[in-house]
Structure formats: C-alpha cells, structure tokens
Amino acid sequence: MNSTKGTYITLATFLAFVIAFYFLGFWLIFRMGQATPLMLSVGAATILTCLVRKKSLSELGWKWGSWKVQWKSYLIPFAIASVAYLLIWSLGGGDLYNSEFLTDKKQSYNLSEWNDLSIFLFHLFLVACISFIMSIPSILGEEIGWRGLLVPELSKITSFTGVVLVSGILWSAFHWPLILLGLYGNSDTSIYYQLFFFTLFIISSGTIMAYIRLKTDSVWTAVMYHGASNIFIQKVFTPITITNENSSYYIDEFGAVLALVATVVAFAYWRIGVKEFSSLAQKT
C-alpha cells in the first residue's frame, strides 16, 4: 500500500475511534464527576488504532531523552503563565493576591498558624510535584493520541504549519462541547469569546508541543508541558488572583492575555519549526 494512503487511513481510523470513545468518555464525566475518562478515551482510541493498523506502540515516542529538554517542557508553560498573570495584575485585569484562597489552603492543609507567603510556597511545591505526578496518567492518556500518534502521522503528509494547525484545531475541538454545554469555562463572557481565545491558546500550546515532540521523538515532552500548563494555571495563578467584574475577559485559558502571550511564544517556535522541518513542506 502507498505510504501516503496508509497514513491517511491511519488518521481516519484514529479520528473515528476518538469520536466513538468520546461519547463514552463524555457520559462517564457525569457518572464520575471528573474529566479523566474523557482524557483516557483518546488513549484508548490510539491503542485501538495501532492494533487495527498493525502499528507498533513503540512508535508513539516512549523514549525519555534529555532531562534538559524535559525540564524545558515543564518550565515553558510556567513562564508563559507567569508573564501573562504579571500583565493581568499590572493592567487591572485582576489583583494579587487572593487571601481567601490562602486561608482555605491553611485550613485544608491544617497549617493555620503559617503566614500567607509560607502557605503559598508550600501549596506551590505540592501542586508542582505531587499534583503534577498524580495528573500524569490522565495527561498521558490524551498525549499518546495528540502528540504520540497524530502529530508524527501528520508530519508524513503535510508541512510543519499544517501539522500544528490540524493537530491544534482537533485538540481544541475535543474541548468545544464541554464549553458549549457550560461544563468548562466561565459564566461571565460569551461562548464565542471563550471559544476564540481558548482555541488560540490551545493551538499556540500545541505548536510548541509539536515542535518539541518532532525534535526529540519523545511524547513525554508533551506530557510534561500539558501537565505543567494545567497545574500552574488552574491551581496556582488563577486562584491566587483577586478577580473583578472584567477579570473573566483576561484570566485563565478562556481569557485574552494568556492566549496572546502563548501566541507570541508559539510564533517563535513556529518560525524555528518551519526552518528545521522544511522537508515536511515538500509534502504539501
């Protein structure tokens, strides 16, 4: 069979299984009260695709590679979130810091005598280490699909620009029903506003992740990036921010600032990727 035709069949098989398992994962969200089944549904679709298409699971990028690159994958989303929230706090999109959040943490950690800075640093350490590690199984469940299978397969038939756009849009679309049904996002801005900036953020993040994945042949870089992005945004920067009536337009994955900062970083990676993976452009 022609290799290009085989790649298209693999991609079509993967997408068919993703859609089929999506309904099961979506149903389980309501049964279990968490998104883990939906995330793992991508992994299930990936494994079945490999079985049906007789692809070795080793092709999903299991090698660890350089620790330096893994740390870089972990710290880039932290840097993006740090810059974004510094801009938000400076420009009035929110204020630092939410003392009620820290008071709740003192109670939940049973450390009521600690001062705010100490409890914040302790919380940061716990989420950066323990919460991150605990999130790895569900994150890996998604990433063996999006960056383990999808990105490398797309790189066989299209340019780096095509890889990041197609993979980014598909990854975004995976979340759209959750936003449209009000299960994910906020209640203060319009659905269209949230969809636009969330999609921009996801495509930008996916661009960085796709570059590192193709550069290193390691899916673990995507796991590190994805997990760190979720942890630092959802459990540190957003909750530590004092919100006002306009904050929803700027903060979190559905606001403008984080998406725009991520876009700037992604643009730099896209330019590098277009040059370094120029051979992919010849496939379009």
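Residues numbered from 1 in each chain as written. Predicted model: local features only at pLDDT ≥ 70, side-chain atom pairs only at ≥ 80, totals over all residues. Heavy atoms only, no water.

**Some thoughts on the overall build of the chain**
Counting its secondary structure elements, the chain contains 10 helices and 2 strands. Starting at the N terminus and walking to the C terminus, you meet the elements of the chain as α-α-α-β-α-α-α-α-α-β-α-α. Taken against the 2.2 N^0.38 rule, which gives 19 Å for 284 residues, the C-alpha radius of gyration of the chain at 19 Å falls within 12% of a compact globule. Principal-axis analysis of the C-alpha atoms places the extent of the chain at approximately 65 × 45 × 40 Å. The 284 residues of the chain split such that 50% are buried. Considering only residue pairs separated by 6 or more positions, the chain has 79% of its internal contacts joining residues 24 or more positions apart. Accessible surface, the chain: about 13700 Å² in total, of which carbon and sulfur atoms supply 66%. Measuring between centres, the 18 positive side-chain charges of the chain sit 18 Å from its 15 negative side-chain charges. (Helix = DSSP H or I, 4+ residues; strand = E, 2+ residues; numbered from the N terminus. Rg over C-alpha atoms; globule rule 2.2 N^0.38 Å. Buried < 20%, exposed > 50% of the residue type's maximum accessible area, 1.4 Å probe, protein only. Contact = heavy atoms within 4.5 Å. Areas by Shrake-Rupley, 256 points an atom, 1.4 Å probe, with all protein chains shown as cover. Lys, Arg positive; Asp, Glu negative; His and termini not counted. Charge placed at Lys NZ, Arg CZ, Asp CG, Glu CD.)

**Description of the nonpolar core**
Judged by nonpolar contacts, the single largest core of 76 residues is most densely connected at Ile80, Tyr85, Trp146 and Ile208. Looking at which element gives the most residues to this core, the answer is helix 5 (residues 116–154), with 12 residues. Here Tyr85 is in contact with Ile233, Phe237, Thr238, Thr241, Ile251 and Asp252, once residues within four sequence places are set aside. (Core = buried A, V, L, I, M, F, W, Y, C linked by side-chain atoms within 4.5 Å.)

**Focus: the UniProt feature "domain: CAAX prenyl protease 2/Lysostaphin resistance protein A-like" (unreviewed entry) in the chain**
When the UniProt feature table is mapped to this numbering, "domain: CAAX prenyl protease 2/Lysostaphin resistance protein A-like" (unreviewed entry) covers residues 130–232. Regarding residues 130–232, the helix share stands at 83% and the strand share at 0%, and the terminal C-alpha atoms are separated by 13 Å. (UniProt positions renumbered as here; feature names shortened; annotations may be inferred.)

**Looking at the pattern of salt bridges**
All chains considered together, the criterion is met by 7 salt bridges. Across the pair Asp116 and Lys106 runs a salt bridge, and its minimum N-O distance is 2.8 Å. Here Lys106 lies in helix 4 (residues 99–108) and Asp116 lies in helix 5, a separation of 10 residues in the sequence. Classification of Lys106 as buried rests on a relative accessible area of 14%. Taking the shortest distance from any N to any O, the salt bridge between Glu143 and Arg147 comes out at 2.8 Å. (Salt bridge = Lys/Arg side-chain N within 4 Å of Asp/Glu carboxyl O.)

**A closer look at the UniProt feature "transmembrane region" (unreviewed entry) in the chain**
Feature annotation in UniProt places "transmembrane region" (unreviewed entry) on residues 7–29, 35–53, 74–97, 117–140, 160–185, 191–212, 219–237 and 249–270, given in this structure's numbering. Across residues 7–29, helical content stands at 100% and strand content at 0%; the span's end C-alpha atoms are separated by 32 Å. Here residues 160–185 runs as 81% helix and 0% strand, with 30 Å between its end C-alpha atoms.

**Here's the deal with the side chain of Ser82**
Note that Ser82 resides in helix 3 (residues 67–91). Within the local environment of Ser82, its side chain forms a polar contact with the backbone oxygen of Phe78, the two atoms lying 2.7 Å apart. (Polar contact = N/O pair within 3.5 Å; in protein donor to acceptor, adjacent residues only side chain to side chain.)

**A word on the packing of aromatic side chains**
Evaluated as defined, the whole model comprises 27 aromatic pairs. Ring plane angle 55 degrees and centroid distance 4.8 Å describe the contact between Tyr193 and Phe197, whose orientation is recorded as tilted. Of this pair, Tyr193 and Phe197 both sit in helix 7 (residues 191–216), 4 residues apart, which is roughly one turn of the helix. Residue classification places Phe197 among the buried positions, given a relative accessible area of 13%. Three or more aromatic residues joined by ring pairs make a cluster, and in this case those are Trp71, Tyr74, Phe78, Tyr85, Trp89, Phe132, Phe232 and Phe237. Over the ring of Trp171 we find Arg147; its NZ or CZ atom is 4.1 Å from the centre of that ring. (Phe/Tyr/Trp six-rings, centres within 6.5 Å; stacked < 30°, edge-to-face > 60°. Lys NZ or Arg CZ within 6 Å of the ring centre and 35° of its normal.)

**A few points about a nonpolar patch on the surface**
A grouping of Phe30, Leu180, Leu181, Leu183 and Ile191 is seen on the molecular surface, where their side chains present a nonpolar patch of about 480 Å² in accessible area. Tracing the chain through its elements places Phe30 in helix 1 (residues 3–32). Looking at Phe30, the relative accessible area reads 47%, which means it is partly exposed. (Patch = residues over 30% accessible without salt bridge, like charges linked within 9 Å, V, L, I, M, F, W, Y side chains within 5 Å.)

**Notes on the packing of helix 3 against helix 8 (residues 220–237)**
It is at 8 Å that the axes of helix 3 and helix 8 come closest, and there the two elements cross at 30 degrees. One element, helix 3, and the other, helix 8, form an angle in the roughly parallel class. Crossing handedness for the pair helix 3 and helix 8: right-handed. Seen from helix 3, the contacting residues are Val69, Gln70, Ser73, Tyr74, Ile76, Pro77, Phe78, Ile80, Ala81, Ser82, Tyr85 and Trp89; seen from helix 8, they are Trp220, Thr221, Met224, Tyr225, Ala228, Ser229, Phe232, Ile233 and Phe237. Residues of the contact of helix 3 with helix 8, tallied by class, amount to 16 nonpolar, 5 polar and no charged. (Axes fitted to C-alpha atoms, helices over the stretch in contact; angles between N-to-C directions. Parallel < 35°, antiparallel > 145°, perpendicular 65-115°, else oblique. Left-handed = near helix turned anticlockwise from the far one by under 90°. Nonpolar A, V, L, I, M, F, W, Y, C, P; charged D, E, K, R; others polar.)

**Considerations on the packing of helix 6 (residues 160–180) against helix 7**
Each pair of packed helices can be described by the angle between their axes along with the distance between the axes. Packing of helix 6 against helix 7 leaves a shortest axis separation of 8 Å and a crossing angle of 140 degrees. The orientation of helix 6 relative to helix 7 falls into the category oblique. Crossing of helix 6 against helix 7: the hand is right-handed. Split by residue class, the contact of helix 6 with helix 7 holds 17 nonpolar, 8 polar and no charged.

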